[in-house]
Structures are given as structure tokens and as C-alpha cells.
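# A closer look at the structure
So the chains spell out like this:
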Amino acid sequence: MSLTKEQFITEFKDIALKLYAAPLDDLSTQQLYQALALLTRSYIGQPWAETKKRYDQEETKQVFYFSIEFLPGRLLQSNLLNLGILSEVEAGLNELGLRPQKIFDAEADPGLGNGGLGRLASAFMDAMASVGMAGNGNGIRYQYGLFKQAFVNGYQVELPDDWMRNGFAWETRKENRAVTVKFGGWVELRPSRSGNLRVIYHNTDDVLAVPYDVAMVGYHNQVVNNLRLWSAEAPINAGTDFTLEQKERINQITQILYPDDSDASGKQLRLRQEYFFTSAGIQSIVRHYRRTHNSMAGFADRVAIHINDTHPAMAIPELMRVLMDDEHVSWDEAWRITLKVMSYTNHTLLSEALEVWPIDMFSGMVPRIYQIIQEIDRRFRLVFVPQFGQAMIDRIAPLGNGQVRMAYLASIGSHAINGVAPIHSELLKKDVLHDLYQIFPERFNNKTNGITPRRWIQIGDRPLSHLLDKKIGTTWRKNPLALRQLHDFADDTRFLDDLNAAKAENKRALAKYIDQVVHVKVDPDAIFDVQIKRLHAYKRQLLHVLGILDAYLAIKRGEKRPKRLHIFGAKAAPSYVYAKEIIKVMNAVADLVNGDPDVSKYLQVVFLPNYGVTMAEKIIPAADISEQISTAGKEASGTSNMKLMSAGALTLATLDGANIEIKDAVGDDNVEIFGLTEEEIAGYYQRGDYHARDFYDQDPRLHAALDMLVNGQIPGIETEGRDIFNSLLTYNDEYFVLADFESYLAANERLDKLYQQPRIWAKKALANIAESGRFSADFTVQRYGREIWHVVAKTPEDDHEA
Ligand SMILES: *Cc1c(COP(=O)(O)O)cnc(C)c1O
């Protein structure tokens, strides 16, 4: 859209006056934010309505992306950017004597996700709108997002995240689109006169699912898609009044996000959440379709439903239920439609993270869905036992060991199953879903994750953005592959110096932020070494910590080294004791290092509490080194690796997840690879001959670093240090931290050396930025669109040009 600075100033003053009956200089920052958000929303309404109308008129095939998490980050700047009016608005605010960043900072960050999985879902929403794909999100409107993390005496403390305290400016309540979701009770199958089975529900607990729609604004293309988040409410007009307790029980369904990022928690309420948003989504899709169609015959040509991991896997039996029970479609026809509509992304290689539910709990909560899964299970066995044998089919049938096995259900009921990086997709076929691959090889495919450079570069990294505009023009903003033009300037020393200057500016800004948040004065000239991600044993923050302890000891011995600042951001699941112990140790190490003036000349450590999207936007532009050091074969893809690469950080990595593709993209000279490969680790597992203690006994540096955990040198970690020490030595180091220690240190020493040559470093940073465009989620969703969903992207401009 177009908007001049002057128009904006007039409209902003006007809306503020109407809202608050006060002139601008009387308003709080929060009020200024609310006024600006409301004004921005008023610009979105029309293209939003027009996009909907166009999809309906043209009968566009639509994608529905089901995800129990969305992690959108703040939306004001992103919406202004995508509308194409960010500069005008900022100029207008400046002219009014207001500080744009201060107003942007008044927005709460909707933490409706744990980490990578939720962030991916939101990147896809932004990307689908930006490439002109009819993509809808379907999720949960959690009253409380992921807990707010604080440190008390170095321990993680979890506080509620009341993110909607000031409302959520971007949502629209659609009570006229509410649907009823039924739980519990029992099911009667009664033959009807027409010969169909009539399904009658008795004694169900009904919950009203009320949708709140959030606009997903496409980049400079007048497309606005829909993210539909469901909220649980007590039904109205049910002939019964609900007690306060009953209402409370219903409201609980969408009250809080579960804070486990890769562990199936087995909790009743979680299962309730899963059926709630899945059923509501399916019902609303079918209802919308039926408004303009007499039968369900053509449904699969108009609708693609994707499940982001298995939390929405009940979409498969739920769609079967609606097709058969409500639409009177036969089993065979319903199954044909369902298979054609559904597709599934697997997100994990950790077998403990594969979702399973006890049959008792499951069948009591959703009896009709359970019946349908029983029938899916029966038919699956009937067809495939003769061909593949009882033993194999027992392993992978949807029901087994007294459990409903969601990954198997999802695989059997989807026409496409994808992993999120080549190594991950291969390991799915080889390991995790090997038996299913034998039966359905054609379903398996890879779709490497992606990120949105609009948020991470255009919004997050202004200094780099301006520099890129000056050097290669602005086409990279629409098509990030244009960043490849940077290769032409790999030997342009002026430009390399400018790149370093942009990085230095970002580092000064982050240093200021660090001082505000944790009151540590850091040296902006240090190497900024960043590890930001959930705290998990397989991600190996512990390896990074042991590296810091080794540096500490070396400096204490009198060694001089280039100054490094280690920056961590990481939340641990509240029930994950080991991860929380690592957090305590990280904080204790930070105190030890920062508090020792001999050491802090060369080494500083900060652990920023409450890592989230907004904090990531501040950290990433300032990073020199990106630590992606998971045990090979454990990280499905990773996306912070892509974000940091796009900011010109050099990746210090194991050959895991998308690190491998980053290496292939930039070439061996422009990443720092270390550690065991997945094959080597699989070899240890197979032979059973990994002996962590040998590494401890044979490597004096490792020995000394590990001893620090238990010898009292780090104050306050008696219990935690001992537990971690034991996990590595007594319990044989499940994640091969000790095996990779030596090569990790060697890789770090190479980086230290390299940093002494700023232009050579900058040249490598340039290569990373130049090749980061391929990881744009715009391309990822286009691959999903072509190969899985069979949808074509189109924007209003395409019509113009046609
Ligand atoms: C990108 C992102 C993640 C994912 O990080 P990984 O290192 O890939 O696990 C998690 N949390 C937030 C807030 C992110 O922005």
C-alpha cells in the first residue's frame, strides 16, 4: 500500500485522539503502541477481506497448516514492513518526536510455542502469504504462553507469561464461526432407515471452540492470509447452566502452553488440547467447504491439510469421522479423501519424543475417534500382515503395547511424510520409521526447514540491510537469492571493512542491551560467540561450557588469547531436571569468569534470561560465531543455524541437521566443522564400545575441565556439578560430549586465529550471507506447495500482469 509520512501523521494523531481522547504527548508508550497497532490493523482489513473473497471466487486450493504451537514474534514492525509502509511510519513517528523502537518494544511477544517447531510454523505463515499461497494456520490461543524465565541464585525460575494483559491487538474474535467439540461420553451406532449407520453421542462434555483470527500479511503483495487460533469456552444455550467449576475446567483447555519442547508428556490436558484444536479446525474447514458444495466429492481438490508433527494427528480420524458420520461418505471413499488431503512433517529423531497415549485415557476422552483408529488399525493389519509379516506390522500398527502411537497413525493416514533436513529424512527411512518406509516408500520426502529473512535481516539487522541496499540494490528484499551478488565483492576490501563496521555497530547495541538486562559490562570488541536454543542434553550446551572451563584454566595459567564473549539463551522444560542443573552450572561459570579480573580480560560469559523471538532479533545480528554443536544424528534440522548464518556469523558445527546443507552451501572454507559423524556414533552404538572414561583418563585438558565440576573451584554447584560429572563418567556420556571435546577445542583455536585477520573473517562472513538466501522459508513453502500440497501461488499482481 502507499502512505506518505504526512498522511500517516494525520491519521495517527486522529486515531489516538479517538481512542484516548487525549493528544499524543499525553499518552503512555503502551497507549502509543495500541494506537499504532489499531491504525495498522485498519490498513489490513480491506486486503484481508479481498484475499478471502478471491480464494472463494476462484475456488483456490487452500492449505491448512495445523500446529499446536505458533511462535510469531512481535507483529507490528513485521506488518508495517510487509505492508510496505515501515519507513514512512518511522519517519512520521520521528517527526512527531517519538522514538519508533520504544513504541515497538511496548508490544508483548506472543510466546505460543516452545522453540523451533512453533517458530517454523510462523515462518511458514509469513512465507505462504508472501509468495501468494492460500495458506491458513490452525492452532491454539493460549491465555498464557511459554513461561517467563528468571534466574534466582543461578537457578531457573518459571513465571507465568501473561502476554495478553494489554489485549492482543492483532486478533479478531469470530463468534459466528464457533464450533462444538465433544469429549467423553459413549457412542451408539444405530442402523438408520437409509441403511447408513447413525452415530449417536450420549453424555458428552461439549466445549465451544471460538476462533480468533490473526492476519498474516504478505510482503508487498496485497495478500493477507489467516491464522486461526481457537479458544475454549462453555457452550451457550445448552439448556444447562454451567457451574463456575465446570466453566473453569473448560477454560483450562486453552489456558496454558505445555513447556516441553521434545518430550511426550502423557498428560490428560495435553490430549484434550490436541483434540480440541484439531476437531475445531477440521469442522470449520468442512463447514466452509460445504457452504458452496453439495457433496464432499471434490474436497481433496480444494483442501490440503498439513500436520506439523503428530500433535494434530487426530486430524486423520477426525476427518474420517466428519466425512462418515456427518457427511455420510462410505469408509473407502472417506479414506481415499483423507489420504489425499493429509500430509505430515516429522520433527524428531529422539525416540523418547515420539508421541504415544495410553489407550485407556485416549478411548475415554475421544471414544468415537478411538473407534475409528481401531478400524484403521484393523484394516492396516488385514492388508499388510500377509505381505510383511505379523512381527513387523505389530511394531508399527497405530495401536500396540496398550498405546495409541501417533507417529504411526500420522504416517499411515498421510500421502506424504517429510523430515526437515536431508540427514533427518534419511534417518527416518533408515531408523525411526524404517518399517513404514518399507511399506510406503513413495510417501517419504525431505523438506529442509527455512527462516524468514524479512524478520531476521530486514527488521532485526538494519545496519546490514542498509549496507546491502547500497551495494547490491534492494532486490534481495523480495528475492533473497539475490544475495548471491555479494560474491562479486569478496575481494572488495572497502566493502569487507564496511561489513565489519556493521557487525561492530550491532555488537555495540547488544553490549548495551546486555548491560541493561544482566548488568554485565561486556567488551564490544570481543568475539561474540552465540548459542541460543532450548536447553537440551543433545544440543550440548555442556560441551560449550566445558570449552569455557578449558579457556578459564588456560588463562589462569597465563595464556593470552583473543577476547571472547560467550552468549547463551536457553529455557529448560520445568520438569527436565538435568537441563536445569546445566543452567545452574552455566550461571555459576558465568559468575566465576566475569568475577575474576585476570580472566575477564580475555573471557566473558553472559546467560540472558527468557530467550525468545524478540531477544533473538537482538542477539543474532551481533553474532560472530554460531554454535551448532548437537550430537550428530540428533538435531532434526535446526533453524537458528540458518538465522545466524544470514547475519554473517561463522558456523561452528557438527555434521548434523541443516548444518550439513550450510556447509555444502558455503563450502568447507567458510564453516568450522568438528566432531564425530552420525555414522561414527551409530558405530559406537552398534558395537557398544564407547567408553567415556577413556577420554577423561587420556586427555589432561578434558580431565582438568571436568574436575572443575566437582573440586569446589566453581562455587555453589556441589549437587549439580556432581550429577553432571556422573552423567558423563558413571553413566557413560549418552551424548558423546567427551568424545568431541578435543576436536571442539581445535575448531575453536582455528576460529581464534582467523579472527586476527579481520578481512579474511569478513570474507567468510560475506560468503555466508551470500548463500543464506536458499534457506528462506519462501522457497521451503513453495517446495511443499509443488510436491506435497499441489497448490499454486498467486498474488493480485499476477492477475494484473496476465
Ligand atoms: C529459531 C528459534 C528457535 C530454534 O532454534 P534451534 O537452534 O534451531 O533449536 C528456538 N527458539 C526461538 C525463539 C527461535 O527464534
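The model shown is predicted, which means the values in this text are computed figures rather than measured ones. (Residues numbered from 1 in each chain as written. Predicted model: local features only at pLDDT ≥ 70, side-chain atom pairs only at ≥ 80, totals over all residues. Heavy atoms only, no water.)

### A word on the UniProt feature "modified residue: N6-(pyridoxal phosphate)lysine" (unreviewed entry) in the protein
In the numbering used here, UniProt assigns the "modified residue: N6-(pyridoxal phosphate)lysine" (unreviewed entry) feature to K643. In this fold, K643 is placed in helix α26 (residues 640-646). Judged by its relative accessible area of 6%, K643 falls in the buried class. Apart from residues lying up to four places away in sequence, K643 is in contact with R119, I451, W456 and I620. (UniProt positions renumbered as here; feature names shortened; annotations may be inferred. Helix = DSSP H or I, 4+ residues; strand = E, 2+ residues; numbered from the N terminus. Buried < 20%, exposed > 50% of the residue type's maximum accessible area, 1.4 Å probe, protein only. Contact = heavy atoms within 4.5 Å.)

### So, the packing of aromatic side chains
Between two aromatic rings, the relevant description is the distance of the centres plus the angle of the planes. According to the stated counting rule, one finds 25 aromatic pairs in the structure shown. The interplanar angle of 15 degrees and the centroid separation of 6.4 Å between the aromatic rings of W331 and W335 together place this pair among those described as stacked. Of this pair, W331 and W335 both sit in helix α11 (residues 331-341), separated by 4 residues, roughly a single helical turn. Side by side, W331 and W335 carry an identical accessibility label, which is buried. By way of ring pairs, the aromatic residues Y684, Y685, Y690, F695 and F736 are connected into one cluster. One cation-aromatic arrangement involves K52 over W48; the distance from NZ or CZ to the ring centre is 5.1 Å. The positively charged end of K507 is found above the aromatic ring belonging to F528, 4.9 Å away from the centroid. (Phe/Tyr/Trp six-rings, centres within 6.5 Å; stacked < 30°, edge-to-face > 60°. Lys NZ or Arg CZ within 6 Å of the ring centre and 35° of its normal.)

### What to know about the pattern of salt bridges
Note on pairing: side chains with opposite charge can pair once their charged atoms come close. A full pass over the atoms with the stated rule returns 54 salt bridges. Note that R270 and E274 form a salt bridge whose closest N and O atoms lie 3.6 Å from each other. With R270 and E274 both in helix α8 (residues 268-292) and 4 residues apart, the pair spans about one turn of that helix. Just as R270 is buried, E274 falls in that class too. Overlapping salt bridges, with partners in common, bring together D332, E375, R378 and R379 in one network. (Salt bridge = Lys/Arg side-chain N within 4 Å of Asp/Glu carboxyl O.)

### A word on helix α22 (residues 541-556)
Side chains three or four residues apart in an α-helix point the same way, a direct result of the helix having 3.6 residues per turn. Under the 1.5 Å per step criterion, the end-to-end length of α22 is 23 Å for 16 residues, consistent within 8% with the ideal 22 Å. Where α22 terminates, the next one or two residues include G558, which has phi positive at roughly 105 degrees. (Expected span 1.5 Å × (residues − 1).)

### Describing helix α34 (residues 777-789)
The end-to-end C-alpha separation of α34 is 16 Å, well short of the 18 Å expected for 13 residues at 1.5 Å each. Listing the buried residues of α34 in full gives A777, D778, F779, T780, V781, Y784, G785, I788 and W789. Note on α34: the residue one or two positions beyond its end, H790, has a positive phi of about 55 degrees.

### Topic: empty space enclosed by the protein
Empty space left among the atoms is revealed by rolling a probe the size of a water molecule over them. Summed over all chains, the structure comprises 7 cavities of 30 Å³ or more. Taken as a whole, the largest cavity holds about 170 Å³ of empty space. If you go around the largest cavity, you meet 20 residues; those closest to its centre are G547, A551, R561, R564 and N748. Counting only elements with at least two residues in the lining of the largest cavity, the list comes to α22, β19 (564-569) and α32 (737-755). Ranked by residue count, the leading element in the lining of the largest cavity is α22, at 6 residues. Of the residues that constitute the lining of the largest cavity, the class distribution is 8 nonpolar, 4 polar and 8 charged. Looking at the second largest cavity, it is lined by 15 residues, and the ones nearest its centre are P72, L75, S78, D126 and R455. Of the residues that constitute the lining of the second largest cavity, the class distribution is 6 nonpolar, 5 polar and 4 charged. Mapping the lining of the second largest cavity onto the domain boundaries places at least three of its residues in each of domain 2 (59-74 + 110-449 + 784-801) and domain 3 (453-675 + 736-774). (1 Å grid on protein atoms, 1.4 Å probe; cavity = no way out; pocket = protein on both sides within 12 Å on 5 of 7 lines; lining within 4 Å. Points joined across faces, edges and corners; volume = space filled by probe spheres on them. Nonpolar A, V, L, I, M, F, W, Y, C, P; charged D, E, K, R; others polar. Domains from an automatic or database assignment.)

### Some details on the domain arrangement of the protein
Under the domain assignment used here, the protein contains domain 1 (1-58 + 80-108), domain 2 (59-74 + 110-449 + 784-801) and domain 3 (453-675 + 736-774). Computed over C-alpha atoms only, the centres of domain 1 and domain 3 are separated by 34 Å. Taken together, the contact pairs 6 residues of domain 1 with 5 residues of domain 3. Taking both sides of the interface into account, the surface hidden between domain 1 and domain 3 amounts to around 390 Å²; carbon and sulfur atoms contribute 47%. The closest approach of N and O atoms between E90 and R462, which form a salt bridge, is 2.8 Å. Joining domain 1 to domain 3, the criterion identifies 1 residue pair in polar contact (both at pLDDT 80 or more). Taken together, the residues of the side of domain 1 that touches domain 3 sort by class into 2 nonpolar, 2 polar and 2 charged. (Buried area = accessible area lost by both parts, 1.4 Å probe. Polar contact = N/O pair within 3.5 Å; in protein donor to acceptor, adjacent residues only side chain to side chain.)

### Considering the environment of I555
You can see I555 is positioned in helix α22. Through-space distance from the C-alpha of I555 to that of P398 is 56 Å; in sequence the pair is 157 residues apart. Residues in contact with I555, not counting those within four places in the same chain, are R561, D598, V599, Y602 and L603.

### Side note on the nonpolar core
Of all hydrophobic cores here, the largest spans 154 residues; its most connected members are F12, W170, F276, F299, F362 and W789. In terms of domain composition, this core takes at least three residues from each of domain 1 (1-58 + 80-108) and domain 2 (59-74 + 110-449 + 784-801). Leave out the neighbours within four places in its chain, and W789 touches K61, V63, Y65, M128, M133, A304, H306, S343, V781 and Y784. With 64 residues, the next largest nonpolar core counts L543, Y552, Y684 and A705 among its residues. (Core = buried A, V, L, I, M, F, W, Y, C linked by side-chain atoms within 4.5 Å.)

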